[in-house]
Amino acid sequence: MRYAETGFNLEIDLTRGNIEKVASDPRDTELYLGGLGTNAKIIWDRVPPEVEAFSPENLLIFGAGLLCGTPATGCNRTIVSTISPQTKLLAFSMMGGFWAPELKYAGYDKVILRGKSPDLVYIWIKDDKVELRDASHLAGKGSIETAELIREELNEPKAQVAAIGMAGENRVFYASVEQGRSSASRGGIGAVMGDKGVKAIVVRGTKDLNVADPEKYMELCNDVLKYIKHREDNPIPGVMPILAGLGSPQEMKVHDEKWHTENFMWGNSRVRRRDFWNEEVEKEWTETMEKARTRLISCFNCPMKCGATISMPGLPTYMMKCFTKLTYTMGAFSDLDFGLRIAQKATEYGVDGFSAPQVMAFALELLENGILTDKDFPDMPEDNEGRFFYLLDKIVRREGIGDVLADGTYWAAKKIGNGADAYAHNNIKKHEQLPLKLSMLNPVYFLMYATGEKMNITQIEGQFPQAPFATREEREAFVSDWIQVPDEKFKQILLDWEFRGENSNPYYPTVEMACDIVDWQETMHYIDDALGQCAGLSSFPLKPPYHIHNYPEFISAGTGMEMDKDKLTEAAKRYRTLVRAINIRRGMRRKDEKPPANHWKKRFPELEEKLLDEYYKLKGWNKDGIPTRESLQQLGLGYVSEDFLQRGILSKDDEAADQDTAAETSVEA
Ligand code: SF4
């Protein structure tokens with residue numbers, strides 16, 4: 001018997017309409033765990049680098065994490081993996097909500113889509129019964145509206161629906177998959193779903209899921225709940241309110257937006273408004289939020305309530321969480337009322353709340369600077385808010401200039417030419433980053449931005465404080481109960497970290513320390529993404545309830561596999577390396593590992609090169625960021641090394657081959 005996982009995947013060939021229930025290999029679970037880990041293995045095996053995002057051979061995998069559906073608090077992530085049309089690399093967005101546990105209860109760990117349906121369909125999974133159903137009547141409908149219509153049509157109020165809106169249908173490169181209480185937004189996975197002709201995947205499951213050692217498992221779950229309570233009663237002093245507790249940043253509960261509005265950039269990530277937040281704004285925005293927020297909500301089996309249902313007058317209710325609260329507002333230099341109104345439309349259309357506002361602000365900057373002209377925006381309203389609504393409509397319909405903007409700022413700038421590149425200034429690896437522009441280089445963040453292959457900095461950071469505490473006393477208090485550290489050395493690093501002087505950025509944390517911190521943070525995120533654990537209770541917040549010391553026990557009691565800290569760290573390293581290998585095979589190299597040039601005002605090129613050199617070494621990658629033959633062999637990834645040799649990506653002496661590979665050409669197009 002398989003524990004925690006079901007041992008079965010659903011394979012759906014949309015071209016032929018063929019549906020198969022396929023047993024998965026338990027050895028893959030041992031090596032790659034589940035969720036992202038096994039998704040990556042499938043993509044490596046079955047999606048060669050010549051396959052493009054909108055090719056029928058591209059796979060779109062909805063993978064429930066290994067422990068999803070068990071009683072582990074907050075373990076509910078679906079990891080959606082595919083080749084991104086925007087980056088041409090692996091995208092692996094995560095969605096919370098209720099979908100992954102429901103899939104497990106229906107008897108499957110993953111839904112793997114290949115091919116393309118000739119007509120728009122939705123997939124209906126009810127335990128053993130799986131069908132492709134006509135969705136022509138849902139074409140053009142909003143994602144939330146679609147979910148409601150399908151539930152009614154099937155008379156299944158408890159079905160969980162992951163759907164795309166018009167953006168996905170029209171293959172907007174930053175289209176999301178929306179799912180009632182969550183969404184998978186980054187990388188254009190909604191566009192791939194639309195390209196495959198799938199409007200929604202609907203799941204209802206009524207089966208049991210077994211864990212190997214129920215008594216021990218429940219004991220571990222209770223310990224986590226107790227710790228959550230302890231952290232609730234003891235918020236961390238000296239950090240901003242949204243980071244003091246657990247969960248995804250508590251944007252829906254917290255009204256104090258001084259930090260975001262005065263430190264993040266407005267418009268096309270250029271304008272800082274240092275004195276923006278005052279009593280008047282606070283009063284107005286608090287009233288707006290209090291009126292709009294009908295209730296705070298949680299994902300499956302979680303007490304944290306990070307999301308909220310938002311009801312703006314005259315508009316249907318929708319769900320919001322995290323920083324999307326501000327992205328449209330700040331992109332358009334507007335207010336919270338506008339941000340909450342346009343986000344309703346954007347959610348129905350199904351677009352990523354980070355990319356979409358930046359693309360619209362970019363278009364308006366091009367207009368202001370004469371690179372685009374009024375002719376490109378026929379009948380556009382005069383006011384900024386009206387312009388944002390106008391652009392959103394154009395983009396999701398791919399009409400006129402919207403067709404160009406629908407590819408994101410990187411590709412749009414290339415198409416527009418005439419110096420537009422300079423305005424697509426907030427990209428890394430061809431996708432839009434957080435609108436932050438800072439002063440002094442931070443070595444830890446430099447490494448995360450440069451080398452991260454998750455599509456947002458917020459999905460890479462966590463565990464180690466973002467800035468030093470002001471006094472030694474505060475630091476000592478912080479480390480006194482810091483049980484989550486994988487090694488005691490991290491406590492000393494924090495104790496010695498100062499705002500000014502020798503022990504401050506950019507030379508402290510030192511190169512070696514910065515590498516170790518980033519490696520720890522990244523390892524935790526990758527473990528979460530395989531187990532299906534929400535980062536809001538593990539890799540993202542300070543002092544979370546899940547960490548490297550209790551995770552092995554969860555895995556052992558849940559799955560019956562013997563697990564310890566070293567084995568788990570090695571497994572995470574294995575599939576993290578496999579994610580990199582997929583991208584290396586698609587042409588990603590050191591030259592691509594650059595944060596936006598203007599992210600920090602004070603840059604230190606020599607130090608940055610050294611950081612990359614040392615981090616690559618720590619990870620077992622060569623100078624060009626390619627995993628070495630030796631490290632691949634050690635991780636049991638000999639098949640990757642063979643492939644790299646055959647393709648000339650590595651040569652026998654473990655160096656990157658001189659000649660460019662065919663795949664490299666494809667990513668640089
Ligand atoms: S911590 Fe927040 S985002 Fe995470 S599972 Fe719980 S409610 Fe959802």
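What you see is a predicted model; the values in this text were computed from it and never measured. (Residues numbered from 1 in each chain as written. Predicted model: local features only at pLDDT ≥ 70, side-chain atom pairs only at ≥ 80, totals over all residues. Heavy atoms only, no water.)

1. Describing the site of the ligand
To be explicit about the condition: Only heavy atoms are used to decide nearness, and a residue is near a molecule or strand if one of them lies within 4 Å of it. Buriedness for pockets is judged along seven lines, at least five of which must meet protein on both sides within 12 Å for an open set on the 1 Å grid over protein atoms alone, while cavities are sets there where a 1.4 Å probe fits but cannot get out, and lining residues have an atom within 4 Å of a point. Each molecule is checked against the cavity or pocket grid, and it sits inside if more than half of its atoms lie within 2 Å of the grid points. Residue polarity is assigned by list, with Asp, Glu, Lys and Arg as charged and Ala, Val, Leu, Ile, Met, Phe, Trp, Tyr, Cys and Pro as nonpolar; anything else, Gly included, falls into the polar class.
The environment of the ligand is made up of Asn76, Arg77, Gly247, Ser298, Cys299, Cys302, Met304, Lys305, Cys306, Cys534 and Leu537. Its atoms largely coinciding with the cavity grid, the ligand occupies the second largest cavity. For the shell around the ligand, the class distribution of residues is six nonpolar, three polar and two charged.

2. Let's talk about the packing of helix H20 (residues 511-531) against helix H23 (residues 605-619)
What counts here: Angular values range over 0 to 180 degrees, each being the angle between N-to-C directions of two axes fitted as lines to C-alpha atoms, with helices fitted over their stretch in contact. By definition, any uninterrupted DSSP run of H or I lasting at least four residues is a helix, any uninterrupted run of E lasting at least two residues is a strand, and each is numbered from the N terminus. Should an angle fall under 35 degrees it is taken as roughly parallel, and over 145 as roughly antiparallel, whereas 65 to 115 is taken as roughly perpendicular and any remaining angle as oblique. Take the far helix as the reference: if the near one is turned anticlockwise from it by less than a right angle, the crossing is left-handed, and if turned clockwise, right-handed. Residue contacts are defined here by distance: any two heavy atoms, one from each residue, within 4.5 Å place the two residues in contact.
Here H20 crosses H23 at 50°, and the two axes come no closer than 9 Å. Between H20 and H23, the angle falls in the class oblique. The hand of the H20/H23 crossing is right-handed. Residue-level contacts link Val511, Ala514, Cys515, Asp516, Val518, Asp519 and Glu522 of H20 to Leu607, Lys610, Leu611, Glu614, Tyr615, Leu618 and Lys619 of H23. Residues of the contact of H20 with H23, tallied by class, amount to eight nonpolar, no polar and six charged.

3. Describing the layout of surface pockets
The test is simple: Grid points are joined across faces, edges and corners, and a volume is the space filled by probe spheres set on the points.
The computed volume of the second largest pocket comes to approximately 520 Å³. The set of elements that each furnish at least two residues to the lining of the second largest pocket consists of helix H4 (143-154), strand E9 (160-163), strand E13 (293-297) and strand E15 (318-321). The element that contributes the greatest number of residues to the lining of the second largest pocket is H4, accounting for five residues. The residue inventory of the lining of the second largest pocket, partitioned by class, reads nine nonpolar, six polar and nine charged.

4. Some words on the sheet that holds strand E5 (residues 90-95)
Here is the rule we go by: Any two strands are treated as partners once DSSP identifies two or more bridges connecting them.
Ordered in space as E2-E1-E6-E3-E4-E5, the six strands form an open sheet in which the pairing is mixed. Each edge of the open sheet carries a strand with a single partner, namely strand E2 (18-23) and E5. The average undirected angle you get between the axes of adjacent strands in this sheet is 15°. Strand direction decides the pairing type here: strand E3 (residues 60-64) and strand E6 (residues 110-114), joined by four bridges, are antiparallel. Within E6, the position partnered with Ile61 by the bridge is Ile112.

5. What about the domain arrangement of the protein chain?
Here is the rule: Bear in mind that the domain bounds are from an automatic or database domain assignment. Summed over both partners, the accessible area (1.4 Å probe) lost when two parts come together is defined as the buried area. What makes a salt bridge here is a side-chain nitrogen of Lys or Arg within 4 Å of a carboxyl oxygen of Asp or Glu, nothing more.
Here the protein chain is described as being made up of domain 1 (8-204), domain 2 (240-354), domain 3 (438-547 + 589-619) and domain 4 (629-669). Averaged C-alpha coordinates put domain 1 and domain 3 at centres separated by 32 Å. The partner domain 3 presents 14 residues to the 24 residues of domain 1 that form the contact. For the pairing of domain 1 and domain 3, the buried interface totals around 1,400 Å² over both sides, and the portion due to carbon and sulfur atoms is 63%. Taken together, the links from domain 1 to domain 3 amount to zero salt bridges. The element best represented in the side of domain 1 that touches domain 3 is E5, accounting for three residues. The residue inventory of the side of domain 1 that touches domain 3, partitioned by class, reads 12 nonpolar, 10 polar and two charged.

6. Topic: the pattern of salt bridges
Basically, it comes down to this: Exposure categories follow from relative accessible area, calculated using a 1.4 Å probe and restricted to protein chains: below 20% of the type maximum is buried, above 50% is exposed, and the middle band is partly exposed.
On inspection of all chains with the given rule, the structure shows 59 salt bridges. Here Glu257 makes a salt bridge to Lys325, at a shortest N to O gap of 2.9 Å. Linking Glu257 in the loop between helix H8 (241-244) and helix H9 (258-263) with Lys325 in helix H11 (residues 324-331), this pair joins segments that are 68 residues apart in sequence. Each of the two residues, Glu257 as well as Lys325, counts as buried.

7. Details of unusual backbone geometry
Of the consecutive residues Asn505 and Pro506, the connecting peptide bond is found in the cis state with omega at 10°. Mapped onto the secondary structure, Pro506 falls in the loop between helix H19 (489-495) and H20. The omega angle of the peptide bond from Tyr508 to Pro509 is 0°, so this bond is cis rather than trans. Examined against the element boundaries, Pro509 turns out to sit in the loop between H19 and H20.

8. Side note on empty space enclosed by the protein
Scanning all chains against the criterion turns up nine cavities of 30 Å³ or more. By volume, the second largest cavity amounts to about 140 Å³. Of the residues in the lining of the second largest cavity, the class split is eight nonpolar, seven polar and four charged.

9. Quick word on the packing of aromatic side chains
Rules: In this analysis, rings of Phe, Tyr and Trp, with Trp reduced to its six-membered ring, are considered paired at centre separations within 6.5 Å, and the interplanar angle assigns stacked below 30 degrees, edge-to-face beyond 60, and tilted for intermediate values. The rule is short: NZ of Lys or CZ of Arg within 6 Å of the ring centre and within 35 degrees of the ring normal puts a charge over the ring.
For the structure on display, the rule yields 32 aromatic pairs. Site record: aromatic cluster; members linked through ring pairs are Phe464, Phe469, Phe478, Trp482, Phe490, Trp497 and Trp520. The ring of Trp621 carries the charged tip of Arg580 above its face, separated from the ring centre by 3.8 Å. When the ring centre of Trp44 is taken as reference, the NZ or CZ atom of Arg585 above it lies at 3.7 Å.

10. A word on the environment of Arg500
Summarising the element assignment, Arg500 is placed in the loop between H19 and H20. Exposure remark for Arg500: the relative accessible area of 69% places this residue in the exposed category. In sequence terms Arg500 and Gly638 are 138 residues apart; their C-alpha atoms lie 46 Å from each other.

11. Here's the deal with the environment of Ala191
Looking at the secondary structure, you find Ala191 in helix H6 (residues 189-195). Separated by 370 residues in sequence, Ala191 and Met561 have C-alpha atoms that sit 37 Å apart. Ignoring anything within four residues of it in the chain, the contact list for Ala191 reads Phe54, Pro85, Gly168, Arg171, Val172 and Ala175.

12. A few points about the sheet that holds strand E14 (residues 307-310)
Reading across the sheet, the three strands line up as E13-E14-E15 and stay open at both edges, with antiparallel pairing between neighbours. In the strand order of this sheet, the two ends are held by E13 and E15, each with one partner. The sheet shows a mean angle of 30° between the axes of neighbouring strands, direction not considered. The pairing of E14 with E15 spans four bridges and is antiparallel. In the strand pairing of E15, Ile310 is matched with Tyr318. Helix H10 (residues 279-292) contacts E13 and E14 of the sheet and is inclined by roughly 75° relative to E13. Relative to E15, helix H12 (residues 336-349) is tilted by about 110°, and along the sheet it contacts E14 and E15.

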